[in-house]
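Commentary on secondary and tertiary structure
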Amino acid sequence: MLAPSYQKLKDILSKSIDPKRILTNPLQTLAYGTDASFYRLIPKIVILAHNETEVIEIIKQAKLLDIALTFRAAGTSLSGQAITDSVLVVATHGWKNFELLDNNQKIKLEPGIVGARANTFLAPHGLKIGPDPASIGAAMVGGIVANNASGMCCGTAQNSYQTIADIRIILNDGTILDTADLESVASFKNNHNGLIQEIETLRDAIKSDEILYHLIKNKFKIKNTTGYSINAFVDYQDPIEIIKHLMVGSEGTLAFISNVTFQTIIDEKYKSCSLLIFNTIQDACNATILLKSRPVAAVELLDRESIRSVENDPEAPKYFKTLPESACALLVECRDNDLIVLHQKQEQIRFQIQSIPTYTDYEFTSNPKQYYFNWKARKGLLPTVGGLRKNGTSVIIEDVAFPLSQLADACLALKNLFKKYEYHDAVLFGHALEGNLHFVFSQDFSNQAEIDRYEKLMSELAILVVDRFDGSLKAEHGTGRNMAPFVEKEWGTKAYEIMKRIKNIFDPHNKINPDVLINPDPKAHLKNLKPMPESHAIVDKCMECGFCEPHCVSEGLTLSPRQRIVIAREISRLEETNENPQRLTDIRKDVTYQLDETCATDGLCALACPVYIDTGKFVKEWRANQINASDRKTAAYIGSHMAGTTAILRIGLKSVSFFHSLFGTKIMKALSNGFHFISFGKVPKWIPEMPKGANKINIKN
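Residues numbered from 1 in each chain as written. Predicted model: local features only at pLDDT ≥ 70, side-chain atom pairs only at ≥ 80, totals over all residues. Heavy atoms only, no water.

1. Some remarks on helix α8 (residues 193–208)
- End to end, α8 covers 22 Å across 16 residues, agreeing with the expected 22 Å (1.5 Å per residue, within 8%).
- Those residues of α8 not exposed but buried are Leu-195, Ile-196, Ile-199, Leu-202, Arg-203 and Ile-206. Buried residues along α8 cover an arc of 125 degrees about the axis, so they all sit on one side. (Helix = DSSP H or I, 4+ residues; strand = E, 2+ residues; numbered from the N terminus. Expected span 1.5 Å × (residues − 1). Buried < 20%, exposed > 50% of the residue type's maximum accessible area, 1.4 Å probe, protein only. Arc of directions from axis to C-beta.)

2. Some points on the pairing of strand β15 (residues 394–401)
- For β15, the buried fraction is high: eight of the eight residues fall into the buried class.
- Sheet topology places β15 next to strand β17 (residues 436–443); eight bridges connect them, and they run antiparallel. Each bridged residue has a counterpart across the sheet, and for Glu-398 the counterpart in β17 is Phe-439. (Pairing = 2+ DSSP bridges.)

3. A look at the layout of surface pockets
- By volume, the largest pocket amounts to about 1300 Å³.
- Forming the walls of the largest pocket are 44 residues, and the residues nearest its centre are Ala-134, Tyr-372, Trp-375, Lys-376 and Lys-379.
- At the level of elements, α4 (115–122), β7 (127–128), α13 (304–310), α15 (368–379), α16 (381–388) and α22 (604–608) are the ones that each hand at least two residues to the lining of the largest pocket.
- Looking at the lining of the largest pocket element by element, the count peaks at six residues for α15.
- Of the residues belonging to the lining of the largest pocket, the class tally is 27 nonpolar, nine polar and eight charged.
- Lining of the second largest pocket is provided by 32 residues; of these, Thr-92, His-93, Met-140, Glu-555 and Gly-556 occupy positions nearest its centre.
- Among the elements of the structure, α2 (26–33), α4 and α20 (561–577) are those that each provide at least two residues to the lining of the second largest pocket.
- Of the residues belonging to the lining of the second largest pocket, the class tally is 14 nonpolar, nine polar and nine charged. (1 Å grid on protein atoms, 1.4 Å probe; cavity = no way out; pocket = protein on both sides within 12 Å on 5 of 7 lines; lining within 4 Å. Points joined across faces, edges and corners; volume = space filled by probe spheres on them. Nonpolar A, V, L, I, M, F, W, Y, C, P; charged D, E, K, R; others polar.)

4. So, the pattern of salt bridges
- Tallying each qualifying case throughout the model produces 37 salt bridges.
- Ionic pairing is found between Glu-570 and Arg-40, a salt bridge with its closest N-O pair at 3.4 Å. One end of the pair, Glu-570, is in helix α20; the other, Arg-40, is in the loop between α2 and β2 (45–48), with 530 residues separating them in the sequence.
- By relative accessible area, Arg-40 is classed as buried at 13%.
- Among the salt bridges present, the one from Glu-460 reaches Lys-420, with a minimum N-O distance of 2.9 Å. Taken as a pair, Glu-460 in helix α18 (residues 448–468) and Lys-420 in helix α17 (residues 407–420) lie far apart in primary sequence, 40 residues in all.
- In this structure Glu-460 comes out as partly exposed when scored by relative accessible area, which is 25%.
- What you see here is one network of salt bridges that share partners, running through Arg-40, Glu-570, Arg-573, Glu-579 and Arg-583. (Salt bridge = Lys/Arg side-chain N within 4 Å of Asp/Glu carboxyl O.)

5. Regarding the nonpolar core
- Within the largest apolar cluster, 61 residues are counted, with the highest numbers of intra-cluster contacts made by Leu-330, Val-332, Phe-402, Leu-414, Leu-437 and Tyr-454.
- For this core, the element with the most residues is α18, which contributes nine residues.
- Ignoring any residue separated from it by four or fewer positions in sequence, one finds Phe-402 in contact with Ile-222, Leu-407, Ala-410, Leu-414, Glu-434, Gly-435, Leu-437, Leu-464, Val-465, Phe-469 and Gly-471.
- Val-145, Leu-177, Leu-246 and Ile-502 belong to the second largest nonpolar core, which has 55 residues in total. (Core = buried A, V, L, I, M, F, W, Y, C linked by side-chain atoms within 4.5 Å. Contact = heavy atoms within 4.5 Å.)

6. Let's talk about empty space enclosed by the protein
- All told, the structure shown has six cavities of 30 Å³ or more when counted by the stated rule.
- Roughly 710 Å³ of internal volume is contained in the largest cavity.
- If you go around the largest cavity, you meet 45 residues; those closest to its centre are Thr-76, Ser-77, Ala-139, Gly-143 and Asn-147.
- Breaking the lining of the largest cavity down by element, the ones donating at least two residues are β3 (69–72), α5 (141–146), β10 (256–263), α15, α16 and β16 (427–431).
- Across the lining of the largest cavity, the residue classes break down as 25 nonpolar, 15 polar and five charged.
- By volume, the second largest cavity amounts to about 130 Å³.

7. Notes on the packing of aromatic side chains
- Here the structure, examined in full by the defined rule, presents 20 aromatic pairs.
- Pairing Phe-402 with Phe-469 gives two aromatic rings, centres 5.4 Å apart and planes at 80 degrees, and the pair type is edge-to-face. Pair noted here: Phe-402 is in the loop between β15 and α17 and Phe-469 is in the loop between α18 and α19 (487–506), with a separation of 67 residues, a long-range link.
- Members of the aromatic cluster, joined through ring pairs, are Phe-38, Tyr-39, Phe-418, Tyr-423, Phe-439, Phe-441, Phe-445 and Tyr-454.
- The positively charged end of Arg-350 is found above the aromatic ring belonging to Tyr-362, 4.3 Å away from the centroid.
- Positioned above the aromatic ring of Tyr-423, the side-chain terminus of Arg-453 is 4.0 Å from the ring centre. (Phe/Tyr/Trp six-rings, centres within 6.5 Å; stacked < 30°, edge-to-face > 60°. Lys NZ or Arg CZ within 6 Å of the ring centre and 35° of its normal.)

8. Overview of a nonpolar patch on the surface
- Side chains of Phe-658, Phe-659, Leu-662, Phe-663, Ile-667, Leu-671, Phe-675, Phe-677, Ile-678 and Val-683 sit close together on the surface and give an oily, nonpolar patch of about 1000 Å² of accessible area.
- Every element with two or more residues in the nonpolar patch is listed here: α25 (642–663) and α26 (665–678).
- Here Phe-658 is to be found in helix α25. (Patch = residues over 30% accessible without salt bridge, like charges linked within 9 Å, V, L, I, M, F, W, Y side chains within 5 Å. Areas by Shrake-Rupley, 256 points an atom, 1.4 Å probe, with all protein chains shown as cover.)

This is the structure in structure tokens:
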């Protein structure tokens, strides 16, 4: 039962929003409340908002009732940015519009568009958006902007912050600010003079403080998404420009983003890449330094453990399994619109790093099969490593950046840290050209000893990154809940106080995605950890990354593959622990339609899943376990009498079609509904789209 204030919010919103899109049952709130992170909070209400009018009403009514809101798109973020135990507003379906502007030099996108989909709009023009996160096939524009996503080829020059042209936001009082609309800007300046003045005051304070000014400048020379994008105060003078860029990387804590306009960038026609294997990680990092000044589109580092995680892929080269333990790979990419120039770039790269020996010879390839494998190996590392973990554990990915000159030492220091705390499955990879490293490892959160081990690792990691190497604790994955306790550690008290003032300017009552990014609790990263109980061998390796969701035909109608797995896991957990029988009963009440009956079992999810989980196969086994002996007997009879069965169905469909032609659609519908009612649902409803029976195929001809 909902608390009175939440029930009142639901009742009020149900008058203007389709009640079917206001979800409160335990199955749906859990399914929609789960994201790709290792944290779990279950919202009391999930609202599937479809337009700005609805969002404004939600914001206004929630404010009146003092209820916190969290905004969410695809839910692919990794650090707990998009979860809540209050109200979750999902902006996916209904937010798919786009518009090409200024002769395709800009593209306006709504938050529910998948990043890769945005690129399909631009592909015919040889263009794309700047951010290119590994999750671009599932991550949506709202999250890409809110987390200042960058990626493998965009570096710090073409990330969301640098390529944003305009933004349209809804603030905590329901006001819309559209930076592309002069009237909107003028109105905002007139009606929110106090907010504008506070932004200008902060700007002037930062620019008059030489130490703080240079601290911000230096911190953003490398990738940095720790805390708010306070570089906006040093990069811009106009308060509207500052607000626009503050929204990038704000993780939904300042306002709702209803659309964003990106400057488009050239998507070069010709591409080639090569996997360069070096004898040591130091050699790979030194080669990266040399490549920094060369015409490379990307330099991705994969340590020996990363290569091992993909060496059993059917398309992986055989020599992967024979590489020495010290080996390290660089995936180097070249791009150009001129094929001759592309080849020249390849030669420049060879020349530049010829002083550093490689373990094997290497060739640049544009062969689709080889090219695809190289990038598949890199892009799928996170879920692939996640798929190799022990059942019942979570997969953790952290995301740091170092000055490039210290990358080799930082890599070795990180490896020693993993060794010290016995994270033997940890892999190290990332965007070497930007000094941006990701590390992935499995973590058991089922007992206090393991949680303590994780706490010690994170504490020492913060010291290593900040004090020893002056790096970034978050480079492109956003602060979230996992790094919120360490924002002050990285930035210092003065800059952290500015970040708290920013939050207060836009959300003075701390009701917009609270506890994310700014969180005074030093143990926040150790709370609300997601349980990952074993459920079924087919799906136990799922890390809930959400890569499957855009490929699922029932996503939006009921559940996605990720959500089906979440529900199956929760049922297993509740059955195992007997923790809450009523909750188990409530979830089971809805599971047949949501998980089973609406799954097409077509296996499309497996095509997108980096660890090839076919949720359709799982659902088929689920169905098999649900049917009784009588059903099995009936199915067996039908299976052994297919000729007779199809003949009966053929005649039946022809008969239905005959009566339809005789009675007409209106009477036919009435009769169908009547039979359906008096048979207690045993006779299915007729619909006009029902096909006629086909003629029997004469196989003798």
